[in-house]
Amino acid sequence: MQLGQYDKNKAKDQAKAYLSKSIFTLSSILGLEPNDIVLEKENPYPEGSHLHAAYLCLSNELKAYNKIIGE
């Protein structure tokens, strides 16, 4: 069964809403401004730290969000 355009747009909108909220939450936890994060930069937190994992998650979510919005 194929998704119709309406379903695709609805799924895209829901994904954007979820990612926006999650990006805001993770950025707040890490004390970062989402617009200031450079995705090509190395993770600033030491490996094994819970902040390292949170930064990786934030980075992946930003990449996914940018892909959805077409950047």
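Computed from a prediction, not measured in an experiment: that's the story for all the values here.

Glancing now at the overall build of the protein. Counting its regular elements, the protein contains two helices and zero strands. Relative to the compact-globule value of 11 Å for 71 residues, the protein shows a C-alpha radius of gyration of 14 Å, a clear excess of over 25%. Viewed in the frame of its principal axes, the protein has a C-alpha envelope of about 45 × 20 × 20 Å. Per-residue burial for the protein yields a buried fraction of 23% across its 71 residues. Intrachain contacts of the protein at a sequence separation of at least 6 include 60% that bridge at least 24 residues. Across the protein, 8 positive and 9 negative side-chain charges occur, with their mean positions spaced 9 Å apart.

With that settled, consider the environment of Lys67. Within the secondary structure layout, Lys67 lies in helix α2 (residues 50–69). Residues Lys67 and Asp7, spaced 60 residues apart in sequence, show a C-alpha to C-alpha distance of 18 Å.

Time to look at the nonpolar core. Listed in full, the 10 residues of the largest apolar core are Leu19, Ile23, Leu26, Leu30, Ile37, Tyr45, Ala54, Tyr55, Leu58 and Leu62. Going through the elements one at a time, α1 (5–30) and α2 are the ones with two or more residues in this core. Ignoring any residue separated from it by four or fewer positions in sequence, one finds Leu19 in contact with Glu61, Ala64, Tyr65 and Ile68.

It is worth spelling out the pattern of salt bridges at this point. All chains considered together, the criterion is met by one salt bridge. For the salt bridge of Lys16 with Asp13, the shortest nitrogen-to-oxygen distance reads 3.9 Å. Here Lys16 and its partner Asp13 are both found in helix α1, three residues apart, which amounts to about one turn of the helix. By relative accessible area, Lys16 is classed as partly exposed at 28%. Asp13 gets classed as partly exposed once you look at its relative accessible area, which sits at 46%.

Further remarks concern α2. For α2, built from 20 residues, the straight-helix expectation of 28 Å at 1.5 Å per residue is met to within 8% by its first-to-last C-alpha distance of 29 Å. Buried residues of α2: His52, Ala54, Tyr55, Leu58, Ser59, Glu61 and Leu62, and no others. Turning to α2, the residues buried within the fold contact α1. The backbone nitrogen of Leu51 lies 3.0 Å from a side-chain oxygen of the residue at the head of α2, namely Ser49. Looking at the residues trailing α2, positive phi occurs at Gly70, about 85°.

Calculation rules
Each chain has its residues counted from 1, running along the sequence as written. The model is predicted, so local features are restricted to residues of pLDDT at least 70 and side-chain atom pairs to those at 80 or more, both for listing and for counting; the totals for chains, interfaces and linings are taken over all residues. Heavy atoms throughout the structure, all of them, feed into the side-chain values; hydrogens and water do not. To qualify as a helix, a DSSP run of H or I must reach at least 4 residues; to qualify as a strand, a run of E must reach at least 2; elements of each kind are numbered from the N terminus. Here the globule rule reads 2.2 Å times residues to the power 0.38, and the radius of gyration is calculated from C-alpha atoms. Between buried and exposed lies partly exposed: a residue is buried under 20% and exposed over 50% of the maximum accessible area for its type, with that area taken using a 1.4 Å probe on protein chains only. Working rule for contacts: check all heavy atoms of both residues, and any pair within 4.5 Å makes them a contact. Counted as positive: Lys and Arg. Counted as negative: Asp and Glu. His and the chain ends are not counted at all. Think of each charge as sitting on NZ of Lys, CZ of Arg, CG of Asp or CD of Glu. Side-chain atoms within 4.5 Å link the members of a nonpolar core, which is a set of buried Ala, Val, Leu, Ile, Met, Phe, Trp, Tyr and Cys residues. Salt bridges are defined by distance alone: a side-chain nitrogen of Lys or Arg within 4 Å of a carboxyl oxygen of Asp or Glu. The length a helix should cover is 1.5 Å for every residue beyond the first. Two N or O atoms count as a polar contact when they lie within 3.5 Å, although within protein this holds only if one can serve as hydrogen donor and the other as acceptor, and sequence-adjacent residues are included solely when both atoms are side-chain atoms.

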